[in-house]
Amino acid sequence: MEKLLFVDIDGTIAHDTGEISGTTKRTLKKFKNIILTTGRARSEVKKICDELGFRYFISSYGTELYDNYENKVLYNLTLDPSVILKVYELTLDNNLSLIAAIEDKEIKITKENYICFINNVKQCMIKGSNEKLNVLRKKIKELCGIKYQRDNAYENGYYWFSILPKDANKGTAAVYLMKLLNVDAKNTMAFGNDANDIPLFIAVSGNKVAVGNSCEELKRNATIIIGDNNTDSVEKYLQCIIS
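Quick notes on the rules
- Residues numbered from 1 in each chain as written.
- Predicted model: local features only at pLDDT ≥ 70, side-chain atom pairs only at ≥ 80, totals over all residues.
- Heavy atoms only, no water.
- Helix = DSSP H or I, 4+ residues; strand = E, 2+ residues; numbered from the N terminus.
- Rg over C-alpha atoms; globule rule 2.2 N^0.38 Å.
- Buried < 20%, exposed > 50% of the residue type's maximum accessible area, 1.4 Å probe, protein only.
- Areas by Shrake-Rupley, 256 points an atom, 1.4 Å probe, with all protein chains shown as cover.
- Lys, Arg positive; Asp, Glu negative; His and termini not counted.
- Charge placed at Lys NZ, Arg CZ, Asp CG, Glu CD.
- Pairing = 2+ DSSP bridges.
- Contact = heavy atoms within 4.5 Å.
- Axes fitted to C-alpha atoms, helices over the stretch in contact; angles between N-to-C directions.
- Polar contact = N/O pair within 3.5 Å; in protein donor to acceptor, adjacent residues only side chain to side chain.
- Phe/Tyr/Trp six-rings, centres within 6.5 Å; stacked < 30°, edge-to-face > 60°.
- Core = buried A, V, L, I, M, F, W, Y, C linked by side-chain atoms within 4.5 Å.
- Disulfide = S-S within 2.5 Å.

Asks: Give me the lowdown on the overall build of the protein chain, citing residues and values where you can.
Replies: Of regular secondary structure, the protein chain possesses eight helices and 14 strands. For 243 residues, the compact-globule estimate of 2.2 N^0.38 gives 18 Å, and the protein chain sits close to it at 18 Å. A total of 243 residues make up the protein chain; the buried ones form 51% of that total. Total accessible area on the protein chain is roughly 11500 Å²; 47% of this is exposed by carbon and sulfur atoms. If the 33 positive side-chain charges of the protein chain are averaged to one point and the 31 negative ones to another, these points end up 2 Å apart.

Asks: Give a description of the sheet that holds strand β2 (residues 34-37) that names residues and reports values.
Replies: The pairing of strands in a sheet happens through backbone hydrogen bonds and is either parallel or antiparallel. Spatial strand order, β5-β4-β3-β2-β1-β12-β13-β14: eight strands in an open sheet with mixed pairing. The sheet terminates laterally at β5 (72-76) and β14 (224-225), the two strands that pair on one side only. Taken together, the four bridges between strand β4 (residues 64-67) and β5 define a ladder with antiparallel strand orientation. Along β5, the bridge assignment pairs Leu 65 with Tyr 75. Docked against the sheet, helix α8 (residues 233-242) engages β1 (4-7), β2, β12 (188-192), β13 (208-210) and β14, running at close to 160° with respect to β12.

Asks: Requested: an account of the side chain of Thr 24, with residues and values cited.
Replies: One can find Thr 24 in helix α1 (residues 22-28). There is a polar contact of 3.2 Å between the side chain of Thr 24 and the side chain of Asp 232. In this structure Thr 24 touches Ile 13, Asp 232 and Glu 235, once residues within four positions along its chain are discounted.

Asks: I'd like a rundown of the packing of aromatic side chains, residues and numbers included.
Replies: Here the distance between the centres and the angle between the planes together describe a pair of aromatic rings. Under the criterion given, the structure shown has four aromatic pairs. Here the aromatic rings of Phe 57 and Tyr 66 are separated by 5.3 Å at their centres, their planes lie at 35°, and the arrangement is tilted.

Asks: Describe the side chain of Asp 8, listing the residues and the values that go with them.
Replies: Tracing the sequence through the fold places Asp 8 in the loop between β1 and α1. Since its relative accessible area comes to 4%, Asp 8 is described here as buried. Within the structure, Asp 8 has its side chain in polar contact with the side chain of Thr 12 (distance 2.7 Å). Side chain to side chain, Asp 8 and Lys 170 meet in a polar contact 3.1 Å long.

Asks: So what's going on with the pairing of strand β8 (residues 121-128)? Residues and values would help.
Replies: The buried fraction of β8 is high, at six of eight residues. Strand direction decides the pairing type here: strand β6 (residues 97-102) and β8, joined by six bridges, are antiparallel. What sits directly across from Ala 100, in β8, is Cys 124. Bridge analysis of β8 against strand β11 (residues 158-165) gives five bridges, and the strand direction is antiparallel. Across the sheet, Lys 127 pairs through a bridge with Trp 160, a residue of β11.

Asks: I'd love a proper account of the nonpolar core, names of residues and values included.
Replies: For soluble globular proteins, nonpolar side chains are generally found buried alongside one another. Of all hydrophobic cores here, the largest spans 25 residues; its most connected members are Leu 5, Ile 9, Ile 13, Ile 34, Leu 36, Phe 191 and Leu 238. For this core, the secondary-structure elements that each account for two or more residues are β1, β2, α2 (42-52), β12 and α8. Element by element, the count of residues in this core is highest for α2, at four residues. Ignoring anything within four residues of it in the chain, the contact list for Ile 9 reads Ala 14, Ile 20, Leu 36, Thr 37, Thr 38, Arg 40, Val 45 and Ile 48.

Asks: Give a description of the state of the cysteines that names residues and reports values.
Replies: Scanning the entire structure with this criterion turns up zero disulfides. No disulfide involves Cys 116; its sulfur sits 15 Å from that of Cys 124, the nearest cysteine. Residue classification places Cys 116 among the exposed residues on the basis of a relative accessible area of 55%.

So, in structure tokens, the structure goes:
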């Protein structure tokens, strides 16, 4: 059977601008067995899958597996509502913004709506100054049942980091799909660039392909290292598979 190809988006097939080139899209369309596996929210990934014709995708860093043909959630993990409430109180005390990923939406939590949006939260993104985020991270460590997705990142004029359910990762969601489709791990491969792709690399038994701009930790877990994301290196690798 054809291999399942688990493919990260940002920093892997997308350029640093966040866009996927037309060349890469045309090549991706030739594969119906690609599973986009990303930190992006469902609504963003769904648009790409609609365009490229892919059925399954993993979003929000592995908290959700979605069947795009049936418009159905196959697997998901959520944060405990009591944790969300505590995190919201901490962000309020420190004048930080809290964005919650719920279903296919990203919602800013405020004094007016917080009681309505503490359930079914897949991940939270906390935005603000780097100094305040570092203080908040120390306080959040006292909470149980969560984990950090990454160190503080800088984007569009602000710093941010995400928190997830403690068992959420791309590899766990990938294994769930393999079992659902009765696909052996030896018939899978993965493409990535960041530390959050390590569980995915561990889950697959085929080639683990890191782009050249990957973090060193991921490169140590890779079986193949190719060029960087800005030169459409994954597209070139896939063309080799076709030929």
